[in-house]
Amino acid sequence: MEKTLLLVDGSSYLYRAFHALPDLRNAAGEPTGAIYGVLNMLRKLLADYQADYLACVFDARGRTFRDDLYDKYKANRPPMPDDLGSQVEPLLEAIRAWGWPLLQVEGVEADDVIGTLAREADRRGLRCVISTGDKDLAQLVTERVTLVNTMSNERLDPEGVKAKFGVSPERMLDYMTLVGDSVDNVPGVEKVGPKTAAKWVSQYGSIEEVMRHAGEIGGAVGENLRKALGWLPKGRQLLAVKCDVKLPFDLEDLKLAPRDEQRLSDLLSRFGFKSWLKEAPPAASEPPPSVSAPAAAQVERHYETLSTEADLSRWLEEIEGSALVAIGTETTNEEPMQARIVGLSFATRAGRAAYLPLAHRYAGAPEQVGVERALAALRPWLESEGSRKLGHNVKFDQHVLSNHGVLLRGIAHDTLLESYVIESSARHDVESLAQRHLGAKPLAIEEVTGAGAQRISFEQVDVARAAAYSAEDTDITLRLHSALEPKIAADQKLARIYGEIEMPVREVLYRMERAGVLIDARQLEAMSHELGQKMLDLEARAHKEAGQPFNLGSPKQIAEIFFEKKGIPVVRKTPSGAPSTDEEVLEKLALDHPLARMLLDHREISKLKSTYTDKLPRMVNPQTGRVHTTYGQAVAVTGRLSSNDPNLQNIPVRTNEGRRIREAFVAPPGSVIVSADYSQVELRIMAHISGDENLLRAFAAGEDIHRATAAEVFGRSLAEVSPEERRYAKVINFGLIYGMSAFGLAQQLGLERATAQAYIASYFTRYPGVAKYMEDTRKAARDRGYVETVLGRRLWLPEIRSANPARRSGAERAAINAPMQGTAADLIKLAMIAVQGALETEGRATRMVMQVHDELVLEVPEAELAWAKEAIPRLMAGVASLKVPLLAEVGIGHNWDEAH
């Protein structure tokens, strides 16, 4: 077997650990957060990799050859914080005591030492794993050299580099030269970001060819490229990892040495990490030693209000020199497409935050920098992909900044999504998270703006009060990330859901929301008038049927007519003891009483009119001429997305009125609507999860699954199955995966309960794998308190051990269905990511405009229709490998109803 060399970029992890972890201190008050983070990462690597050779590499002190090449190299970096500087030597001492070879070579950087060793390993036929969070090292990746990031669980092989950056590892240096590196103060081509750089390198093949064709590239970006031609060779030299360093040691020297138990014991005792001395290391998910929520809340605060441009300039230097910065916006309102900035806040480490007031307007308000001047100064950092940022619900901040013409890039983390991935059933607002994870109770927005009728806009909030709230909010966000991210990083499944699904799809959702969808407002207005007339007609018919006028929206009056005047037995009571007239009750009554059907029809039409035909035309954005929904990413426990203001996911597809509303969602001239929908995805997931041989066989053969189920349940050949039997089988298929009982099935099909029970028994006899899956899932849910999707999303079931039989039974039904709903949610999110990636890579004008359950809705220019018909279902089917084929079907039309 190939031998392995494991190299750790200690300098990268030193700063990341310092900024990512809480302000940990030992009993003597000495800071230990960076020490804890790096040592814990080394422990995890030793557990995960059986390395034949290994080393931890740090930058040496003093100048390097790059400082001689360019006197402004890293000139914008602030000095190392004292709390970090005091941890360096004890950390290095602990690494040596643990037995790790520790490398520092004067005159070069840690990257150069790593590059030289990686190339040497490659030449010798060794496999090399480089643990780093630094993208610069992606230029070293080969078939034998892989990058791993222990904080995000990301692995980059050649295909991974291409997928992430849009270029192969061999061209990473060209890409980086064009983009530049703001952290190291190495300029690139002005206004050229990652997408443009990747496009140029892919189009021309190398930076030399890009430079040779500079005269052909038009616009401002082409002019900027021509201005930079004289600089680019030096920039490339600065960014290139030097792979021929003369090393004062040999590869054979890089082996784990015996631990210096006495020295290690002294050091770990001093740091407060004594549990690490045990032979069996603690689980990766173990919380940092000596940190409890209340203790973590006791962070010394240094909050500032940035009142002048000098203040802003000073803080801009600080955030540009920070590895990770929390950012927050304060706005005029909470409408993503309409909100304007009132102020910005930043946090660079625990307890260190600032508020930048920009547009507070009230009598006596102090002078402020102003939105335009502030954004002009901040724009390069805000739009830099290399400047890593985090926030809480960053999608909203992106919209707000976009409203001012600023494209927020470099979004590394979102604490809303971190919380959602860890505990989907809990509350995810900052205040709840702070109490749960930090033992802190921050200022609530109601304490700042007031509530209800007394609420004022944030523009009117006193600057000092606004600063106290906003700086704390962003500081808390940064500290929450320090508490949540290690929990995700320690769990490979959660890390995948967060890093490969939730964070990437967050960006796709932002773009979809920004794009909006085109509607025919006149058609909806005309329909609204028609629906109003239908409601009047239904009301008149209902009054006639009841024998008296009454309010069709009054449950009390409806109950009096049915249960008192007509003497119909009460079906069910409300919690207060009154007869219920909810939809389920009316559906039962409608079987025998036309009045109940009239009331149901009236309710449906009233809902469509008030929610859609009346409302949608008023929601057209005057700037874009389109309707913009907001997708809730951290709402449903199963991972499904929600749609709000307006809700585009609840327009009924089975009623004429619902379909007519969908007709009003139209394509612009020269384009068509394409609807791409997964076919029977939850049943396919059931086949995969249960492994039932008959289900797998039916899907593999491409059979009509409902016809196949009917053949199994009723003992027929496929050809003998009647349409009615197929309908029964369809209800059984979908009913059972939603936990439907024999009683529920009997009601759905209008059968005797005994007959329904016989159908279910026959179903489980023919599909024993499904029965076993259901029983095993109930047991696992009771044991663990959660179930998982195929991809590892954790779906918590708080009521699974409830003493209340009804609640417990409900949780058990959810346990059976949640893995299928959750997996379907994961698949459609992966599909969105794949489709968006293809659109960007290929430079397509097609764009996604809606996501509804298992369906993607796109606007496709007619010139790209042939591509869309082939590529979109292929991309959707290729996002996961199940035991049965995934199938996506495409419909096309001038409006959504035609396409669906």
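Below or above, wherever it landed, is the structure these notes cover. (Residues numbered from 1 in each chain as written. Predicted model: local features only at pLDDT ≥ 70, side-chain atom pairs only at ≥ 80, totals over all residues. Heavy atoms only, no water.)

### Considering the overall build of the protein
The helix and strand inventory of the protein stands at 36 helices and 20 strands. Taking 900 residues into account, the globule formula puts the C-alpha radius of gyration at 29 Å, and the protein, at 31 Å, falls close to it. If you line up the protein on its principal axes, its C-alpha atoms span 95 × 70 × 60 Å. Buried residues in the protein amount to 53% of all 900 residues. Carbon and sulfur atoms make up 50% of the accessible area of the protein, which totals about 39200 Å². Measuring between centres, the 110 positive side-chain charges of the protein sit 3 Å from its 125 negative side-chain charges. (Helix = DSSP H or I, 4+ residues; strand = E, 2+ residues; numbered from the N terminus. Rg over C-alpha atoms; globule rule 2.2 N^0.38 Å. Buried < 20%, exposed > 50% of the residue type's maximum accessible area, 1.4 Å probe, protein only. Areas by Shrake-Rupley, 256 points an atom, 1.4 Å probe, with all protein chains shown as cover. Lys, Arg positive; Asp, Glu negative; His and termini not counted. Charge placed at Lys NZ, Arg CZ, Asp CG, Glu CD.)

### A word on the pattern of salt bridges
Tallied over the entire structure, the rule returns 71 salt bridges. Linking Arg226 and Glu223 is a salt bridge whose minimum nitrogen-to-oxygen distance equals 3.5 Å. Taken as a pair, Arg226 and Glu223 lie in helix H10 (residues 219-228) at a separation of three residues, close to a single helical turn. Residue Arg226 is classed as partly exposed on the basis of its relative accessible area of 31%. Overlapping salt bridges, with partners in common, bring together Glu120, Arg123, Arg124, Asp250, Glu252 and Lys255 in one network. (Salt bridge = Lys/Arg side-chain N within 4 Å of Asp/Glu carboxyl O.)

### A short note on the sheet that holds strand E2 (residues 53-57)
Read from one edge of the open sheet, six strands run E3-E2-E1-E4-E5-E6, paired in mixed fashion. Taken across any chain shown, the strands that pair with only one partner, and hence form the sheet edges, are strand E3 (102-103) and strand E6 (154-156). With five bridges connecting them, strand E1 (residues 4-9) and E2 associate as parallel partners. The residue bridging Val8 from the neighbouring strand is Cys56, located in E2. (Pairing = 2+ DSSP bridges.)

### Quick word on the packing of aromatic side chains
Evaluated as defined, the whole model comprises 13 aromatic pairs. Between Phe346 and Trp381, the aromatic rings sit 6.0 Å apart at their centres with planes inclined by 75°, giving edge-to-face as the arrangement. Highlighted residues: Phe346 in strand E9 (residues 341-349) and Trp381 in helix H15 (residues 371-382), separated in sequence by 35 residues. According to the relative accessible area criterion, Trp381 is buried, its value standing at 3%. Clustering of aromatic rings is evident, with ring pairs tying together Tyr36, Phe271 and Phe273. Sitting over the face of the ring of Trp896, Arg662 holds its NZ or CZ atom 4.0 Å from the ring centroid. (Phe/Tyr/Trp six-rings, centres within 6.5 Å; stacked < 30°, edge-to-face > 60°. Lys NZ or Arg CZ within 6 Å of the ring centre and 35° of its normal.)

### Focus on the packing of helix H29 (residues 705-714) against helix H32 (residues 753-766)
In the contact formed by H29 and H32, the axes pass within 8 Å of each other and the chain directions differ by 105°. When the axes of H29 and H32 are compared, the pair comes out roughly perpendicular. Along the contact surface, H29 presents Thr709, Glu712, Val713 and Phe714, while H32 presents Tyr759, Ser762, Tyr763 and Arg766. Across the contact of H29 with H32, the residue classes tally to four nonpolar, two polar and two charged. (Axes fitted to C-alpha atoms, helices over the stretch in contact; angles between N-to-C directions. Parallel < 35°, antiparallel > 145°, perpendicular 65-115°, else oblique. Contact = heavy atoms within 4.5 Å. Nonpolar A, V, L, I, M, F, W, Y, C, P; charged D, E, K, R; others polar.)

### Some points on the environment of Asn895
By the element assignment, Asn895 lies in the loop between strand E20 (888-893) and helix H36 (896-899). The exposure class assigned to Asn895 is buried, which follows from its relative accessible area of 11%. Expressed as a C-alpha distance, the spacing of Asn895 and Gln262, which sit 633 residues apart in the sequence, is 75 Å. Among residues more than four places away in sequence, those in contact with Asn895 are Arg662, Glu663, Phe665, Val666 and Ile673. Within the local environment of Asn895, its side chain forms a polar contact with the backbone nitrogen of Asp897, the two atoms lying 3.0 Å apart. A distance of 2.8 Å separates a polar atom in the side chain of Asn895 from the backbone nitrogen of Glu898. (Polar contact = N/O pair within 3.5 Å; in protein donor to acceptor, adjacent residues only side chain to side chain.)

### A few points about the sheet that holds strand E15 (residues 671-678)
The sheet built from four strands is open, its strands ordered E18-E19-E15-E20 with antiparallel pairing. In this open sheet, the two edge strands, each paired with only one partner strand, are strand E18 (847-852) and E20. Here the average twist between neighbouring strands, direction ignored, is 25°. Sheet topology note: the E18/strand E19 (residues 855-861) ladder contains five bridges and is antiparallel. The residue of E19 that forms the bridge with Met850 is Val857.

### Brief notes about the nonpolar core
As a rule of thumb, nonpolar side chains are buried together in soluble globular proteins. Formed by 164 residues in total, the largest nonpolar core has its most connected members in Phe346, Leu356, Phe562, Phe665 and Tyr678. With 11 residues, the single largest contributor to this core is helix H34 (residues 805-841). If we ignore the near neighbours within four places in the chain, the residues touching Phe665 are Val517, Leu518, Ile519, Leu616, Leu648, Ile651, Ile673, Met850, Asn895 and Trp896. Core analysis: the next-biggest nonpolar cluster, separate from the first, contains 57 residues, Val113, Leu173, Val192 and Val245 among them. (Core = buried A, V, L, I, M, F, W, Y, C linked by side-chain atoms within 4.5 Å.)

### Topic: the packing of helix H30 (residues 723-737) against H32
Between H30 and H32, whose axes approach to 11 Å, the crossing angle comes to 75°. One element, H30, and the other, H32, form an angle in the roughly perpendicular class. For the pair formed by H30 and H32, the contact residues are Tyr728, Ile732, Asn733 and Leu736 on the first element and Tyr759, Ile760, Tyr763 and Phe764 on the second. Of the residues in the contact of H30 with H32, the class split is seven nonpolar, one polar and no charged.

### Topic: H15
In an α-helix, one full turn covers 3.6 residues, which means residues spaced three or four apart are oriented alike. With 12 residues, H15 should reach 16 Å at 1.5 Å per residue; the first-to-last C-alpha distance of 14 Å falls well below that figure. Residues of H15 that are buried: Val371, Ala374, Leu375, Leu378, Trp381 and Leu382. Summarising the axial view, the buried residues of H15 lie within an arc of 105°, below the 170-degree limit, and thus occupy one face. Those residues of H15 that are exposed and angled more than 90 degrees off the buried face are Glu372, Ala376 and Pro380. Contact partners of the buried residues in H15: helix H14 (309-320), strand E8 (325-331), E9, strand E10 (352-357), strand E11 (389-391) and helix H16 (394-403). (Expected span 1.5 Å × (residues − 1). Arc of directions from axis to C-beta.)

### Overview of the environment of Leu91
Within the fold, Leu91 resides in helix H4 (residues 82-98). By relative accessible area, Leu91 is classed as buried at 1%. Along the primary structure Leu91 and Lys588 are separated by 497 residues, whereas in three dimensions their C-alpha atoms are 72 Å apart. With near-sequence residues (within four places) excluded, Leu91 lies in contact with Leu14, Ile35, Val38, Leu39 and Phe58.

### Details of unusual backbone geometry
Backbone torsion omega between Asp645 and Pro646 reads 0°, so that peptide bond is classified as cis. Following the sequence through the fold, Pro646 ends up in the loop between strand E14 (642-644) and helix H26 (656-663). Despite not being glycine, Lys191 has its phi angle at roughly 70°, a positive value. Within the secondary structure, Lys191 is located in the loop between helix H7 (172-179) and helix H8 (194-204). If you check the backbone angles, Gln680 has positive phi at about 45° while not being a glycine. Within the secondary structure, Gln680 sits in the loop between E15 and helix H27 (681-690). Residue Gln680 is classed as partly exposed on the basis of its relative accessible area, which comes to 22%.

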